[in-house]
Amino acid sequence: MTDANEPEPVLLSKHAKNLLRFLHLLPARMSSHDSTRSTIVFFAICGLDVLNSLNLVTPQMREDIINWTYGGLVVPRADEKQCGGFMGCRAMLPQTDDAKVLECMRQYQWGHLAMTYTSIAVLVTLGDDLSRLDRKSIVDGVAEVQRPDGSFSACVNGSEDDMRFVYCAATICHMLDYWGSVNKESMFQFIMRSLRYDYGFSQELEGEAHGGTTFCALAALELSGQLDRLDATTLERIKRWLVFRQVDGFQGRPNKPVDTCYSFWIGASLRILNGFELTDYAANREYILSTQDKLIGGFAKWPQSSPDPFHTYLGLCGLAFTGEPGLNAVMPSLNFSMAAHAHLKQLHEHWRANNGLSHLSIDGSGDATAATTTTKKTTSSSPLISAQ
(Lines give C-alpha, C1' and ligand atoms only; values in the text may rest on other atoms or scores of the structure.)
Protein backbone atom coordinates (compact mmCIF):
# COMPACT_ATOMS: atom_id res chain seq x y z
CA MET A 1 0.00 0.00 0.00
CA THR A 2 1.45 3.34 -1.09
CA ASP A 3 1.52 6.49 0.98
CA ALA A 4 -1.10 8.97 -0.22
CA ASN A 5 1.49 11.72 0.13
CA GLU A 6 3.97 10.01 -2.18
CA PRO A 7 4.14 11.45 -5.72
CA GLU A 8 2.53 9.37 -8.45
CA PRO A 9 5.13 7.16 -10.15
CA VAL A 10 6.01 7.36 -13.82
CA LEU A 11 5.14 3.95 -15.27
CA LEU A 12 8.38 3.58 -17.19
CA SER A 13 7.95 -0.04 -18.31
CA LYS A 14 4.38 0.54 -19.51
CA HIS A 15 5.45 3.58 -21.51
CA ALA A 16 8.24 1.53 -23.08
CA LYS A 17 5.86 -1.25 -24.08
CA ASN A 18 3.39 1.31 -25.42
CA LEU A 19 6.01 2.87 -27.70
CA LEU A 20 7.35 -0.52 -28.76
CA ARG A 21 3.89 -1.52 -30.01
CA PHE A 22 3.92 1.39 -32.47
CA LEU A 23 6.97 -0.12 -34.15
CA HIS A 24 4.87 -3.16 -35.06
CA LEU A 25 1.52 -1.69 -36.06
CA LEU A 26 -0.62 1.44 -36.02
CA PRO A 27 -4.07 1.31 -34.48
CA ALA A 28 -7.02 2.10 -36.76
CA ARG A 29 -7.51 5.51 -35.16
CA MET A 30 -4.06 6.50 -36.40
CA SER A 31 -4.50 5.34 -40.00
CA SER A 32 -4.31 8.94 -41.20
CA HIS A 33 -0.65 8.97 -40.12
CA ASP A 34 0.32 6.20 -42.54
CA SER A 35 1.97 8.73 -44.86
CA THR A 36 4.17 10.03 -42.04
CA ARG A 37 5.35 6.79 -40.50
CA SER A 38 8.86 8.19 -40.20
CA THR A 39 7.65 10.52 -37.47
CA ILE A 40 5.93 7.67 -35.61
CA VAL A 41 9.19 5.70 -35.72
CA PHE A 42 10.99 8.80 -34.43
CA PHE A 43 8.69 9.16 -31.41
CA ALA A 44 8.93 5.44 -30.65
CA ILE A 45 12.70 4.99 -31.06
CA CYS A 46 13.70 8.28 -29.43
CA GLY A 47 11.13 7.70 -26.68
CA LEU A 48 12.58 4.27 -25.92
CA ASP A 49 16.00 5.88 -25.81
CA VAL A 50 14.84 8.51 -23.29
CA LEU A 51 13.32 5.64 -21.29
CA ASN A 52 16.68 3.87 -21.37
CA SER A 53 14.86 0.96 -23.03
CA LEU A 54 16.42 0.67 -26.49
CA ASN A 55 17.45 -2.83 -25.43
CA LEU A 56 13.83 -3.82 -26.15
CA VAL A 57 14.61 -3.30 -29.84
CA THR A 58 16.35 -6.54 -30.84
CA PRO A 59 19.48 -6.39 -33.03
CA GLN A 60 17.49 -7.78 -35.97
CA MET A 61 14.70 -5.26 -35.47
CA ARG A 62 17.24 -2.46 -35.18
CA GLU A 63 18.77 -3.52 -38.48
CA ASP A 64 15.32 -3.76 -40.08
CA ILE A 65 14.38 -0.25 -38.92
CA ILE A 66 17.65 1.18 -40.22
CA ASN A 67 17.16 -0.50 -43.60
CA TRP A 68 13.51 0.57 -43.74
CA THR A 69 14.55 4.15 -42.99
CA TYR A 70 17.15 4.15 -45.76
CA GLY A 71 14.45 2.78 -48.06
CA GLY A 72 12.88 6.24 -48.10
CA LEU A 73 16.07 8.01 -49.17
CA VAL A 74 15.92 9.97 -52.42
CA VAL A 75 19.16 10.69 -54.27
CA PRO A 76 18.41 12.82 -57.35
CA ARG A 77 20.01 12.07 -60.68
CA ALA A 78 22.05 14.69 -62.49
CA ASP A 79 19.15 15.81 -64.68
CA GLU A 80 16.63 16.09 -61.83
CA LYS A 81 15.66 18.76 -59.34
CA GLN A 82 17.73 19.02 -56.17
CA CYS A 83 15.26 16.99 -54.16
CA GLY A 84 17.54 14.88 -51.96
CA GLY A 85 16.32 13.72 -48.56
CA PHE A 86 13.88 11.22 -47.11
CA MET A 87 10.31 10.67 -48.22
CA GLY A 88 7.50 10.48 -45.74
CA CYS A 89 5.40 8.02 -47.71
CA ARG A 90 6.50 4.78 -49.38
CA ALA A 91 3.46 4.72 -51.69
CA MET A 92 5.75 6.15 -54.36
CA LEU A 93 7.90 3.00 -54.24
CA PRO A 94 5.79 0.46 -56.16
CA GLN A 95 6.74 -3.20 -56.03
CA THR A 96 7.12 -3.71 -59.76
CA ASP A 97 9.76 -4.25 -62.42
CA ASP A 98 7.84 -2.23 -65.01
CA ALA A 99 10.32 0.44 -66.13
CA LYS A 100 7.58 2.84 -67.27
CA VAL A 101 5.79 2.69 -63.92
CA LEU A 102 9.05 3.13 -62.04
CA GLU A 103 10.01 6.13 -64.15
CA CYS A 104 6.57 7.65 -63.66
CA MET A 105 6.78 7.21 -59.92
CA ARG A 106 10.25 8.77 -59.98
CA GLN A 107 8.60 12.11 -60.77
CA TYR A 108 6.87 12.01 -57.37
CA GLN A 109 9.82 11.04 -55.23
CA TRP A 110 11.40 13.87 -53.30
CA GLY A 111 12.73 14.56 -49.86
CA HIS A 112 10.53 16.16 -47.20
CA LEU A 113 12.28 18.27 -44.56
CA ALA A 114 10.35 16.94 -41.57
CA MET A 115 10.79 13.32 -42.68
CA THR A 116 14.47 13.93 -43.40
CA TYR A 117 15.01 15.35 -39.91
CA THR A 118 13.20 12.51 -38.16
CA SER A 119 14.82 9.83 -40.34
CA ILE A 120 18.36 11.06 -39.66
CA ALA A 121 17.53 11.39 -35.95
CA VAL A 122 16.32 7.77 -35.88
CA LEU A 123 19.50 6.57 -37.60
CA VAL A 124 21.69 8.50 -35.15
CA THR A 125 19.72 7.20 -32.15
CA LEU A 126 20.10 3.61 -33.38
CA GLY A 127 23.87 4.09 -33.66
CA ASP A 128 24.11 4.10 -37.46
CA ASP A 129 27.24 5.69 -38.95
CA LEU A 130 25.28 7.53 -41.69
CA SER A 131 27.74 6.17 -44.26
CA ARG A 132 24.93 5.52 -46.72
CA LEU A 133 24.01 9.20 -46.85
CA ASP A 134 25.22 11.60 -49.50
CA ARG A 135 25.33 14.60 -47.21
CA LYS A 136 25.85 17.10 -50.00
CA SER A 137 22.84 15.81 -51.92
CA ILE A 138 20.61 16.16 -48.87
CA VAL A 139 21.79 19.67 -47.98
CA ASP A 140 21.48 20.73 -51.63
CA GLY A 141 17.86 19.61 -51.29
CA VAL A 142 17.48 21.78 -48.19
CA ALA A 143 18.91 24.81 -50.00
CA GLU A 144 16.58 24.18 -52.95
CA VAL A 145 13.46 24.68 -50.81
CA GLN A 146 14.63 27.87 -49.11
CA ARG A 147 12.37 30.76 -50.05
CA PRO A 148 13.52 34.30 -50.89
CA ASP A 149 12.31 35.53 -47.49
CA GLY A 150 14.60 33.02 -45.73
CA SER A 151 11.92 30.49 -44.77
CA PHE A 152 11.75 26.92 -46.07
CA SER A 153 9.13 24.77 -47.74
CA ALA A 154 8.80 21.11 -46.83
CA CYS A 155 9.60 19.85 -50.33
CA VAL A 156 10.43 20.96 -53.86
CA ASN A 157 6.89 20.53 -55.15
CA GLY A 158 5.59 23.27 -52.88
CA SER A 159 3.98 23.26 -49.45
CA GLU A 160 3.61 25.52 -46.45
CA ASP A 161 6.74 27.52 -45.71
CA ASP A 162 7.02 28.49 -42.08
CA MET A 163 9.04 28.20 -38.86
CA ARG A 164 8.53 24.45 -38.57
CA PHE A 165 10.57 23.85 -41.69
CA VAL A 166 13.15 26.48 -40.73
CA TYR A 167 13.76 24.28 -37.70
CA CYS A 168 13.90 21.09 -39.76
CA ALA A 169 16.37 22.71 -42.18
CA ALA A 170 18.61 23.76 -39.29
CA THR A 171 18.55 20.30 -37.67
CA ILE A 172 19.41 18.57 -40.94
CA CYS A 173 22.36 20.84 -41.69
CA HIS A 174 23.61 20.67 -38.12
CA MET A 175 23.35 16.89 -37.91
CA LEU A 176 25.12 16.49 -41.25
CA ASP A 177 27.70 19.11 -40.21
CA TYR A 178 27.32 20.83 -43.57
CA TRP A 179 25.37 23.94 -44.61
CA GLY A 180 26.26 24.10 -48.30
CA SER A 181 24.48 26.98 -50.03
CA VAL A 182 21.79 27.37 -47.35
CA ASN A 183 21.53 31.10 -46.64
CA LYS A 184 21.85 31.36 -42.87
CA GLU A 185 21.64 35.14 -42.93
CA SER A 186 18.25 35.24 -44.68
CA MET A 187 17.08 32.45 -42.36
CA PHE A 188 18.09 34.62 -39.39
CA GLN A 189 16.24 37.62 -40.81
CA PHE A 190 13.06 35.55 -41.31
CA ILE A 191 13.24 34.33 -37.73
CA MET A 192 13.71 37.83 -36.35
CA ARG A 193 10.85 39.23 -38.43
CA SER A 194 8.68 36.59 -36.79
CA LEU A 195 9.42 37.88 -33.29
CA ARG A 196 6.12 39.35 -32.08
CA TYR A 197 5.40 42.36 -29.86
CA ASP A 198 5.07 40.09 -26.80
CA TYR A 199 8.42 38.38 -27.52
CA GLY A 200 7.20 35.00 -28.63
CA PHE A 201 7.86 33.83 -32.20
CA SER A 202 5.10 33.21 -34.73
CA GLN A 203 4.87 30.44 -37.29
CA GLU A 204 4.90 32.89 -40.16
CA LEU A 205 5.20 36.62 -40.62
CA GLU A 206 2.47 38.63 -38.84
CA GLY A 207 1.17 35.53 -37.08
CA GLU A 208 0.47 34.98 -33.39
CA ALA A 209 3.30 34.04 -31.02
CA HIS A 210 3.22 30.32 -30.27
CA GLY A 211 5.15 28.00 -27.96
CA GLY A 212 5.96 25.42 -30.62
CA THR A 213 7.29 27.90 -33.14
CA THR A 214 9.17 29.81 -30.44
CA PHE A 215 11.05 26.57 -29.80
CA CYS A 216 11.63 26.11 -33.54
CA ALA A 217 13.01 29.64 -33.83
CA LEU A 218 15.32 29.44 -30.81
CA ALA A 219 16.58 25.95 -31.68
CA ALA A 220 17.27 26.98 -35.28
CA LEU A 221 19.24 29.98 -34.06
CA GLU A 222 21.27 27.83 -31.66
CA LEU A 223 21.94 25.07 -34.20
CA SER A 224 23.04 27.60 -36.82
CA GLY A 225 25.35 29.35 -34.34
CA GLN A 226 23.34 32.57 -34.36
CA LEU A 227 21.63 32.68 -30.97
CA ASP A 228 24.31 35.01 -29.63
CA ARG A 229 23.20 37.64 -32.16
CA LEU A 230 20.20 38.38 -29.93
CA ASP A 231 20.92 41.04 -27.31
CA ALA A 232 20.50 40.36 -23.60
CA THR A 233 17.30 42.41 -23.28
CA THR A 234 15.59 40.50 -26.10
CA LEU A 235 16.61 37.16 -24.63
CA GLU A 236 15.26 38.11 -21.20
CA ARG A 237 11.94 39.21 -22.71
CA ILE A 238 11.63 35.93 -24.65
CA LYS A 239 12.42 34.05 -21.45
CA ARG A 240 9.71 36.01 -19.63
CA TRP A 241 7.12 35.14 -22.32
CA LEU A 242 8.06 31.47 -21.98
CA VAL A 243 7.89 31.40 -18.16
CA PHE A 244 4.43 32.98 -18.31
CA ARG A 245 3.19 29.98 -20.32
CA GLN A 246 3.12 27.84 -17.17
CA VAL A 247 -0.25 27.38 -15.49
CA ASP A 248 0.38 24.02 -13.85
CA GLY A 249 1.53 22.36 -17.02
CA PHE A 250 2.37 24.60 -19.97
CA GLN A 251 0.17 26.25 -22.59
CA GLY A 252 1.21 27.13 -26.13
CA ARG A 253 -0.42 30.59 -26.20
CA PRO A 254 -1.95 32.98 -23.66
CA ASN A 255 -5.48 32.07 -22.56
CA LYS A 256 -5.26 28.55 -24.03
CA PRO A 257 -5.51 25.27 -22.10
CA VAL A 258 -2.36 23.51 -20.99
CA ASP A 259 -1.18 20.55 -23.04
CA THR A 260 1.40 17.84 -22.32
CA CYS A 261 3.46 18.53 -25.43
CA TYR A 262 4.27 22.08 -24.30
CA SER A 263 6.22 20.65 -21.41
CA PHE A 264 8.74 19.99 -24.16
CA TRP A 265 8.23 22.98 -26.48
CA ILE A 266 8.36 25.52 -23.66
CA GLY A 267 10.70 23.49 -21.47
CA ALA A 268 13.25 22.98 -24.26
CA SER A 269 13.08 26.67 -25.19
CA LEU A 270 13.87 27.62 -21.61
CA ARG A 271 16.63 25.02 -21.52
CA ILE A 272 18.18 26.65 -24.60
CA LEU A 273 18.01 30.02 -22.82
CA ASN A 274 19.22 28.58 -19.49
CA GLY A 275 15.96 29.56 -17.82
CA PHE A 276 14.24 26.29 -17.04
CA GLU A 277 15.03 26.62 -13.34
CA LEU A 278 12.50 29.47 -13.23
CA THR A 279 9.63 27.00 -13.68
CA ASP A 280 7.63 25.03 -11.10
CA TYR A 281 8.93 21.47 -11.56
CA ALA A 282 6.38 19.86 -9.23
CA ALA A 283 3.35 21.49 -10.88
CA ASN A 284 4.63 20.57 -14.33
CA ARG A 285 5.18 16.95 -13.29
CA GLU A 286 1.74 16.74 -11.68
CA TYR A 287 0.05 17.88 -14.89
CA ILE A 288 2.01 15.49 -17.12
CA LEU A 289 1.22 12.60 -14.78
CA SER A 290 -2.50 13.52 -14.88
CA THR A 291 -2.45 12.51 -18.57
CA GLN A 292 -0.67 9.20 -17.97
CA ASP A 293 -2.60 6.10 -19.02
CA LYS A 294 -2.14 3.68 -16.14
CA LEU A 295 -3.54 0.71 -18.06
CA ILE A 296 -1.64 0.66 -21.37
CA GLY A 297 0.98 3.35 -20.80
CA GLY A 298 1.58 6.52 -22.76
CA PHE A 299 0.68 10.14 -22.20
CA ALA A 300 -2.18 12.12 -23.71
CA LYS A 301 -2.75 15.73 -24.63
CA TRP A 302 -5.19 16.26 -21.76
CA PRO A 303 -6.42 14.19 -18.79
CA GLN A 304 -9.01 11.54 -19.70
CA SER A 305 -7.85 11.57 -23.34
CA SER A 306 -6.29 8.79 -25.43
CA PRO A 307 -2.49 8.56 -25.32
CA ASP A 308 -0.50 8.82 -28.55
CA PRO A 309 3.20 8.54 -29.50
CA PHE A 310 3.59 12.30 -29.98
CA HIS A 311 2.44 13.32 -26.51
CA THR A 312 4.06 10.26 -24.94
CA TYR A 313 7.48 11.17 -26.29
CA LEU A 314 7.24 14.89 -25.58
CA GLY A 315 5.79 14.24 -22.12
CA LEU A 316 8.77 12.01 -21.32
CA CYS A 317 11.14 14.73 -22.55
CA GLY A 318 9.36 17.27 -20.36
CA LEU A 319 9.85 14.98 -17.37
CA ALA A 320 13.50 14.41 -18.32
CA PHE A 321 14.11 18.17 -18.10
CA THR A 322 13.04 18.07 -14.46
CA GLY A 323 15.51 15.27 -13.69
CA GLU A 324 12.91 12.50 -13.40
CA PRO A 325 14.64 9.30 -12.16
CA GLY A 326 14.98 6.57 -14.76
CA LEU A 327 14.98 8.91 -17.77
CA ASN A 328 17.95 9.80 -19.94
CA ALA A 329 18.87 13.44 -20.44
CA VAL A 330 17.55 15.15 -23.58
CA MET A 331 19.46 17.49 -25.89
CA PRO A 332 16.90 20.34 -26.19
CA SER A 333 17.55 21.84 -29.63
CA LEU A 334 17.88 18.52 -31.50
CA ASN A 335 15.07 16.86 -29.55
CA PHE A 336 16.73 13.54 -28.86
CA SER A 337 18.80 12.04 -26.07
CA MET A 338 22.21 13.28 -24.97
CA ALA A 339 23.48 9.76 -25.66
CA ALA A 340 22.41 10.10 -29.31
CA HIS A 341 23.97 13.56 -29.38
CA ALA A 342 27.26 12.11 -28.13
CA HIS A 343 27.21 9.59 -30.99
CA LEU A 344 26.49 12.40 -33.45
CA LYS A 345 29.47 14.39 -32.17
CA GLN A 346 31.67 11.33 -32.73
CA LEU A 347 30.48 11.20 -36.34
CA HIS A 348 31.27 14.91 -36.74
CA GLU A 349 34.78 14.35 -35.40
CA HIS A 350 35.27 11.43 -37.78
CA TRP A 351 34.10 13.44 -40.80
CA ARG A 352 36.28 16.39 -39.84
CA ALA A 353 39.30 14.16 -39.28
CA ASN A 354 38.86 12.71 -42.75
CA ASN A 355 38.58 16.18 -44.19
CA GLY A 356 41.73 17.14 -42.33
CA LEU A 357 43.55 14.69 -44.64
CA SER A 358 42.26 16.44 -47.75
CA HIS A 359 45.47 18.49 -48.02
CA LEU A 360 47.33 15.24 -48.73
CA SER A 361 47.53 13.47 -52.08
CA ILE A 362 48.29 9.81 -52.75
CA ASP A 363 51.16 9.05 -55.12
CA GLY A 364 51.53 5.91 -57.16
CA SER A 365 53.20 4.01 -54.30
CA GLY A 366 50.31 4.68 -51.95
CA ASP A 367 52.30 7.06 -49.72
CA ALA A 368 50.65 10.24 -48.55
CA THR A 369 52.50 13.36 -49.64
CA ALA A 370 51.70 16.97 -48.94
CA ALA A 371 49.76 18.67 -51.71
CA THR A 372 51.06 21.97 -52.99
CA THR A 373 47.67 23.65 -53.18
CA THR A 374 46.95 26.46 -50.72
CA THR A 375 43.18 26.25 -51.23
CA LYS A 376 41.32 26.81 -47.98
CA LYS A 377 39.66 23.64 -46.70
CA THR A 378 36.37 23.39 -44.87
CA THR A 379 35.80 21.43 -41.68
CA SER A 380 32.36 20.20 -42.68
CA SER A 381 32.97 17.69 -45.46
CA SER A 382 32.86 13.93 -45.73
CA PRO A 383 34.14 11.52 -48.37
CA LEU A 384 30.84 12.25 -50.14
CA ILE A 385 31.48 16.01 -50.18
CA SER A 386 34.43 17.33 -52.10
CA ALA A 387 36.66 19.71 -50.17
CA GLN A 388 35.78 23.34 -50.82
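Heads up: the structure comes first, above all this text.
What comes next is a walk through the structure. (Residues numbered from 1 in each chain as written. Predicted model: local features only at pLDDT ≥ 70, side-chain atom pairs only at ≥ 80, totals over all residues. Heavy atoms only, no water.)

### Some points on the overall build of the chain
Tallying secondary structure elements over the chain gives 14 helices and 8 strands in all. Computed over its C-alpha atoms, the radius of gyration of the chain comes to 22 Å, within 12% of the 21 Å expected for a compact globule of 388 residues. On the principal axes, the C-alpha backbone points of the chain span a range of 75 × 50 × 40 Å. Taken across its 388 residues, the chain has 52% of its residues classed as buried. Relative to all contacts within the chain whose residues are 6 or more apart in sequence, the contacts with residues 24 or more apart total 67%. Separation between the mean location of the 34 positive side-chain charges and that of the 42 negative ones in the chain comes to 2 Å. (Helix = DSSP H or I, 4+ residues; strand = E, 2+ residues; numbered from the N terminus. Rg over C-alpha atoms; globule rule 2.2 N^0.38 Å. Buried < 20%, exposed > 50% of the residue type's maximum accessible area, 1.4 Å probe, protein only. Contact = heavy atoms within 4.5 Å. Lys, Arg positive; Asp, Glu negative; His and termini not counted. Charge placed at Lys NZ, Arg CZ, Asp CG, Glu CD.)

### Some remarks on the layout of surface pockets
Size it by volume and the largest pocket reaches roughly 810 Å³. In terms of lining, the largest pocket is formed by 30 residues, of which the most central are T39, F43, A114, R164 and F310. Sorting the residues of the lining of the largest pocket by element identifies helix 2 (37-50), helix 5 (113-125), helix 7 (163-175), helix 9 (211-223) and helix 13 (309-321) as the ones contributing at least two each. For the lining of the largest pocket, the residue count by class is 16 nonpolar, 11 polar and 3 charged. As a volume, the second largest pocket reaches approximately 280 Å³. If you trace the second largest pocket, you find it lined by F22, L23, H24, L25, L26, R37, I40, V41, M61, D64, I65 and W68. Here the lining of the second largest pocket takes 4 residues from helix 3 (residues 59-70), the largest share from any one element. Each residue belonging to the lining of the second largest pocket can be placed in one class, and the counts come to 9 nonpolar, 1 polar and 2 charged. (1 Å grid on protein atoms, 1.4 Å probe; cavity = no way out; pocket = protein on both sides within 12 Å on 5 of 7 lines; lining within 4 Å. Points joined across faces, edges and corners; volume = space filled by probe spheres on them. Nonpolar A, V, L, I, M, F, W, Y, C, P; charged D, E, K, R; others polar.)

### Some words on the nonpolar core
Ranked by internal contacts, the top residues of the largest apolar core, which has 104 residues, are L23, F152 and F336. If you tally residues by element for this core, the top one is helix 7, at 10 residues. Apart from residues no more than four positions distant in its own chain, L23 is found in contact with V41, A44, I45, L48, V57, M61 and I65. (Core = buried A, V, L, I, M, F, W, Y, C linked by side-chain atoms within 4.5 Å.)

### A closer look at the pattern of salt bridges
Pairing between side chains of opposite charge can happen when their charged atoms approach one another. Taken as a whole and assessed by the stated rule, the structure comprises 13 salt bridges. Of the charged contacts, one joins E208 and R253 as a salt bridge, the two residues approaching to 3.1 Å between their closest N and O atoms. Here R253 lies in the loop between helix 10 (232-243) and helix 11 (262-272) and E208 lies in the loop between helix 8 (184-193) and helix 9, a separation of 45 residues in the sequence. A relative accessible area of 47% means that E208 is categorised as partly exposed. Judged by relative accessible area, R253 falls into the partly exposed class, the value being 27%. We note a salt bridge from D259 to K301, for which the minimum N-O separation is 2.7 Å. Placement of D259 in the loop between helix 10 and helix 11 and of K301 in the loop between helix 12 (281-290) and helix 13 is noted, with a sequence separation of 42 residues between them. The exposure class assigned to D259 is buried, which follows from its relative accessible area of 3%. (Salt bridge = Lys/Arg side-chain N within 4 Å of Asp/Glu carboxyl O.)

### Thoughts on the packing of helix 2 against helix 5
For the pair helix 2 and helix 5, the least separation of the axes is 9 Å and the interaxial angle reads 35°. Here helix 2 and helix 5 pass one another in a crossing that is left-handed. Only M115, Y117, T118, S119, A121, V122 and T125 of helix 5 make contact with helix 2, whose side of the interface consists of S38, T39, V41, F42, I45, C46 and D49. For the contact of helix 2 with helix 5, the class distribution of residues is 8 nonpolar, 5 polar and 1 charged. (Axes fitted to C-alpha atoms, helices over the stretch in contact; angles between N-to-C directions. Left-handed = near helix turned anticlockwise from the far one by under 90°.)

### Some thoughts on the packing of aromatic side chains
What the rule picks out here adds up to 15 aromatic pairs. Seen from their ring centres, F215 and W265 are 5.4 Å apart, and the 50° between their planes marks the pair as tilted. Linking F215 in helix 9 with W265 in helix 11, this pair joins segments that are 50 residues apart in sequence. The pair formed by F215 and W265 is uniform in burial state, with each residue classed as buried. (Phe/Tyr/Trp six-rings, centres within 6.5 Å; stacked < 30°, edge-to-face > 60°.)

### With respect to the side chain of S224
By the secondary structure assignment, S224 is in the loop between helix 9 and helix 10. Take S224: its relative accessible area is 5%, and that puts it in the buried class. A distance of 3.2 Å separates the side chain of S224 from the backbone oxygen of L221, its partner in a polar contact. Engagement of the side chain of S224 in a polar contact is seen with the side chain of Q226, the distance being 3.0 Å. (Polar contact = N/O pair within 3.5 Å; in protein donor to acceptor, adjacent residues only side chain to side chain.)

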